[in-house]
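The chain contents come next:
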Amino acid sequence: DAGITQSPRHKVTETGTPVTLRCHQTENHRYMYWYRQDPGHGLRLIHYSYGVKDTDKGEVSDGYSVSRSKTEDFLLTLESATSSQTSVYFCAISERGGDTEAFFGQGTRLTVV
Amino acid sequence: GNSVTQMEGPVTLSEEAFLTINCTYTATGYPSLFWYVQYPGEGLQLLLKATKADDKGSNKGFEATYRKETTSFHLEKGSVQVSDSAVYFCALRGGLTGGGNKLTFGTGTQLKVEL
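Residues numbered from 1 in each chain as written. Chains lettered and ligands numbered in written order. Predicted model: local features only at pLDDT ≥ 70, side-chain atom pairs only at ≥ 80, totals over all residues. Heavy atoms only, no water.

**Student:** Residues and numbers for the environment of A:Thr5, please.
**Tutor:** Tracing the chain through its elements places A:Thr5 in strand β1 (residues 4–7). With residues near it in sequence (within four places) discarded, A:Thr5 still touches A:Arg22, A:Cys23 and A:His24. (Helix = DSSP H or I, 4+ residues; strand = E, 2+ residues; numbered from the N terminus. Contact = heavy atoms within 4.5 Å.)

Have a look at this one:
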């Protein structure tokens, strides 16, 4: 299995509070992605990174920010959590773009109350 | 931008039935195409892929052919098993549009296989 760890695995937080989710990899892969999974929407890309300090927005980036100061860590921050951000969040890594396989973490279930 | 459309589920089949899950895509250029599978409570894992027109990806009895003329990548299996019950995602990456390394997924199709 690819070395990819998401933390926490479960979190309940209150509306308006900041939340940070962490994705840690031991594969030295260049690309890292954050997705959210919601019924009826599949996986939607929030942000991705193509190198240290190099990030770009996905289709649902509003209300989220990311940082990547080291190859192995990709942090997703909900600046002020809202109930619409209740979801399951997945991190993925990929050695290259193109046809290379992406490996997924186990997911973080976030509930905003 | 790139997009992927898959048939809605759930798809319910009897064991040993033939499976088709439709997937079409929109992209400029020559994207790579993927099928990922998600078992309950787990992350996604790659099932198969194809990188150019007319390529056939295959794995575990599943197949999909990259059809550029119809912009499709339909997933098929000749005889499904109960253990194939999962959610299947079609995805693409690459092509000439901006963000060529974004990995774009469809909405997923849930498959239920009954005895």
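Moving on from the coordinates now.
**Student:** I'd like a rundown of unusual backbone geometry, residues and numbers included.
**Tutor:** Residues apart from glycine generally show negative phi values, whereas peptide bonds are mostly found in trans. With an omega of -10 degrees, the peptide bond between A:Ser7 and A:Pro8 qualifies as cis. The phi torsion at B:Thr71 lies on the positive side, around 45 degrees, for a residue other than glycine. As for its position among the elements, B:Thr71 is in the loop between β8 (62–65) and β9 (75–77). Taking relative accessible area as the criterion, B:Thr71 reaches 29% and is therefore assigned partly exposed. (Buried < 20%, exposed > 50% of the residue type's maximum accessible area, 1.4 Å probe, protein only.)

**Student:** Outline the sheet that holds strand β7 (residues 56–59) of chain B, listing residues and values.
**Tutor:** Note on sheets: strands pair through backbone hydrogen bonds, and any given pair is parallel or antiparallel. Residue and element names in this part refer to chain B. Here four strands make up an open sheet; going across it, the order is β3-β9-β8-β7 and the pairing antiparallel. What marks the edges here is a single partner per strand, and that holds for β3 (19–21) and β7. Averaged over all pairs of adjacent strands, the angle between their axes in this sheet comes to 15 degrees, without regard to strand direction. Pairing geometry for β3 and β9, over three bridges, is antiparallel. Note that in β9 the partner of Leu19 across the bridge is Lys77. (Pairing = 2+ DSSP bridges. Axes fitted to C-alpha atoms, helices over the stretch in contact; angles between N-to-C directions.)

**Student:** Tell me about the interface of chain A and chain B, and please be specific about residues and values.
**Tutor:** Counting residues at the interface gives 24 residues for chain A, matched by 20 residues for chain B. Both sides together, the interface formed by chain A and chain B hides about 1700 Å², and carbon and sulfur atoms give 50% of it. The largest share of the area that chain A buries against chain B comes from A:Leu43, A:Asp99 and A:Phe104, three residues that together contribute 28% of it. Counting the contacts that link chain A with chain B gives zero salt bridges. Our enumeration of links across chain A and chain B arrives at eight residue pairs in polar contact (both at pLDDT 80 or more). (Buried area = accessible area lost by both parts, 1.4 Å probe. Salt bridge = Lys/Arg side-chain N within 4 Å of Asp/Glu carboxyl O. Polar contact = N/O pair within 3.5 Å; in protein donor to acceptor, adjacent residues only side chain to side chain.)

**Student:** Describe the sheet that holds β1(A), and please don't skip the residues or the numbers.
**Tutor:** Residue and element names in this part refer to chain A. Strand order across the open sheet formed by four strands is β1-β3-β8-β7, with antiparallel pairing between neighbours. Edge strands, defined here as strands with exactly one partner in the open sheet, are β1 and β7 (64–70). If you compare each strand with its neighbour and ignore which way they point, the axes differ by 15 degrees on average. Examined bridge by bridge, β1 and strand β3 (residues 19–25) share four bridges and lie antiparallel to one another. Directly across from Gln6, in β3, lies its bridge partner Cys23.

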